[in-house]
Amino acid sequence: MSRKVLKLGIPKGSLEEATVKLFAKAGYNITIKSRSYFPTIDDDEIECMLIRAQEIARYVSDGVLDAGLTGKDWVMESRADVEDIADLVYSKQSSRPVKWVLAVPNDSPIQSVKDLQGKRIATEAVNMTVDYLKKHGVVANVEFSWGATEVKAPKLVDAIVEITETGSSLRANNLRILETLMESNTKFIMNKSAFTDEWKLNKVKRLILMLKGAMAANGKVGIMMNTPKTKLDAVMKILPDGIRPTISQLSDSEWLDVNLILEDKLVRELIPDLKEAGAEDIVEYPLNKLIH
């Protein structure tokens, strides 16, 4: 009997480290050896392959991979026919979506996409750019860029279409953003045939549950404290709206155990107030996962 396995594409490059950390937080330890494109994972039912995010959607569409993590942008760019399973909003620097933007030199007379008629544009996302220009009735020379796209304007091209998280690299190269073509985040996608396989789909659903739980815990911590019953109302008034703590009776009938989850940035302001309100033995602990 053949062993059941999910063939999973892991993005190589800028998302690689963030993806491995997310999986680790979800309880899946991925080990990537130098010069190897086949990482090991501590789950015998998953086989990983390290592939550039730009290529994953195509390999998933073709059935070489059952599933993979790649950007919404690369799914659109490759025009891959895949099942969109889940949004996983994380990136190499933050939890914000990245943007594909149209940018020109600061001193360029170009003010909008309409001004690009007949001009030259460099980008790694050729299909996406052509589609955007077509939507605006513009015909331009769109060329594939093999890298260092920001430095090509104005000497080699009139404009670029480039991905950015913060815009700092564009500003450093004296470029200004004209328009945003799209926002993109990481997606978990599946091959159409694999999606109809009950075992593979169930495996993916369980994996997604844990990955989303790990993401939900980002920026949050748990708080445990003991509170006299007489002080509970005062403690509750301090907590932010919408916080629903778990309250349990301690062995001492006059005391309660109060557990809650908070955004990490709120803790430094709340703990001193909780202490003043009568809470004792306050413990802050890290959250690895938050399963809703």
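Here's a quick rundown of the structure.

Analysis parameters
- Residues numbered from 1 in each chain as written.
- Predicted model: local features only at pLDDT ≥ 70, side-chain atom pairs only at ≥ 80, totals over all residues.
- Heavy atoms only, no water.
- Helix = DSSP H or I, 4+ residues; strand = E, 2+ residues; numbered from the N terminus.
- Rg over C-alpha atoms; globule rule 2.2 N^0.38 Å.
- Buried < 20%, exposed > 50% of the residue type's maximum accessible area, 1.4 Å probe, protein only.
- Contact = heavy atoms within 4.5 Å.
- Areas by Shrake-Rupley, 256 points an atom, 1.4 Å probe, with all protein chains shown as cover.
- Lys, Arg positive; Asp, Glu negative; His and termini not counted.
- Charge placed at Lys NZ, Arg CZ, Asp CG, Glu CD.
- Pairing = 2+ DSSP bridges.
- Axes fitted to C-alpha atoms, helices over the stretch in contact; angles between N-to-C directions.
- Salt bridge = Lys/Arg side-chain N within 4 Å of Asp/Glu carboxyl O.
- Core = buried A, V, L, I, M, F, W, Y, C linked by side-chain atoms within 4.5 Å.
- Parallel < 35°, antiparallel > 145°, perpendicular 65-115°, else oblique.
- Phe/Tyr/Trp six-rings, centres within 6.5 Å; stacked < 30°, edge-to-face > 60°.
- Lys NZ or Arg CZ within 6 Å of the ring centre and 35° of its normal.

Another point: the overall build of the protein chain. Across its full length, the protein chain holds 9 helices and 16 strands. A globule of 292 residues ought to have a C-alpha radius of gyration of about 19 Å, yet the protein chain, at 25 Å, is considerably larger. Along the longest, intermediate and shortest principal axes, the C-alpha atoms of the protein chain span 80 × 60 × 35 Å. Expressed as a percentage of the 292 residues in the protein chain, the buried residues total 46%. Summarising the internal contacts of the protein chain: among those between residues at least 6 apart in sequence, 70% fall at separations of at least 24. Here the protein chain has roughly 16000 Å² of accessible surface; of this, 49% comes from carbon and sulfur atoms. Here the protein chain contributes 40 positively and 42 negatively charged side chains, and the mean placements of these two sets differ by 4 Å.

All right, on to the sheet that holds strand β15 (residues 255-263) then. Strand order across the open sheet formed by 4 strands is β14-β15-β13-β16, with antiparallel pairing between neighbours. Unpaired on one side and paired on the other, β14 (246-249) and β16 (280-286) mark the two borders of the sheet. Across the sheet, the mean angle from the axis of one strand to that of its neighbour is 15°, orientation sign disregarded. As paired elements, strand β13 (residues 220-228) and β16 share 5 bridges and run antiparallel to each other.

Any two side chains of opposite charge can pair if their charged atoms end up close together. Scanning the entire structure with this criterion turns up 15 salt bridges. A salt bridge links Arg58 to Glu55; the shortest N-O distance between them is 3.6 Å. Within this pair, Arg58 and its partner Glu55 are both found in helix α2 (residues 53-62), separated by 3 residues, close to a single helical turn. Here Lys265 makes a salt bridge to Glu263, at a shortest N to O gap of 3.7 Å.

Moving on, we come to the nonpolar core. If you look at the biggest cluster of nonpolar residues, it comprises 30 residues, and the most contacted ones within it are Leu8, Ile10, Phe23, Leu69, Phe188 and Leu211. The element that contributes the greatest number of residues to this core is helix α7 (residues 198-216), accounting for 7 residues. Among the nonpolar cores identified, the runner-up in size contains 20 residues, and Val104, Ile121, Met128 and Val142 belong to it.

Viewed as axis vectors pointing N to C, helix α1 (residues 16-25) and α7 meet at an angle of 100°, and their least axial separation amounts to 8 Å. By the criterion of interaxial angle, the relationship of α1 to α7 is roughly perpendicular. Residue-level contacts link Leu22, Phe23 and Lys25 of α1 to Leu207, Leu211, Ala214 and Met215 of α7.

Cis geometry marks the peptide bond from Ala153 to Pro154, where omega comes out at 10°. Position of Pro154 relative to the elements: it lies in the loop between β9 (141-144) and β10 (159-164). For Arg79, which is not a glycine, the phi torsion comes out positive at approximately 55°. By the secondary structure assignment, Arg79 is in the loop between α3 (72-78) and β6 (83-88). Under the relative-accessibility criterion, Arg79 is labelled exposed at 52%. Phi at Asn174 is positive, roughly 60°, even though this residue is not glycine. Here Asn174 shows up in the loop between α5 (168-172) and β11 (175-184).

A few words now on the sheet that holds β10. If you trace the 5 strands from one edge of the open sheet to the other, you get β9-β8-β10-β7-β11, paired in mixed fashion. Whereas interior strands pair on both sides, the edge strands pair on one side only; in this sheet they are β9 and β11. The mean angle between the axes of side-by-side strands here comes to 25°, regardless of whether they run parallel or antiparallel. Across 5 bridges, the pairing between strand β7 (residues 98-105) and β10 is antiparallel. Along β10, the bridge assignment pairs Leu102 with Val161.

Once that is clear, we can look at the environment of Pro109. Structurally, Pro109 is set in the loop between β7 and β8 (120-123). According to the relative accessible area criterion, Pro109 is exposed, its value standing at 72%. Placed 58 residues apart in sequence, Pro109 and Gly167 show a C-alpha to C-alpha distance of 20 Å.

For the structure shown, the criterion picks out 3 aromatic pairs. Consider the rings of Phe23 and Tyr28, whose centres lie 6.3 Å apart with planes at 70°: the pair is edge-to-face. Residue classification places Phe23 among the buried positions, given a relative accessible area of 0%. Accessibility expressed as a relative area gives 13% for Tyr28, which makes it buried. Their ring planes at 80° and their centres at 4.8 Å tell us that Phe144 and Trp146 sit as a pair that is edge-to-face. Given a relative accessible area of 38%, Phe144 falls into the partly exposed group. Sitting above the plane of the Tyr59 ring, Arg58 keeps its charged end 4.8 Å from the centroid.

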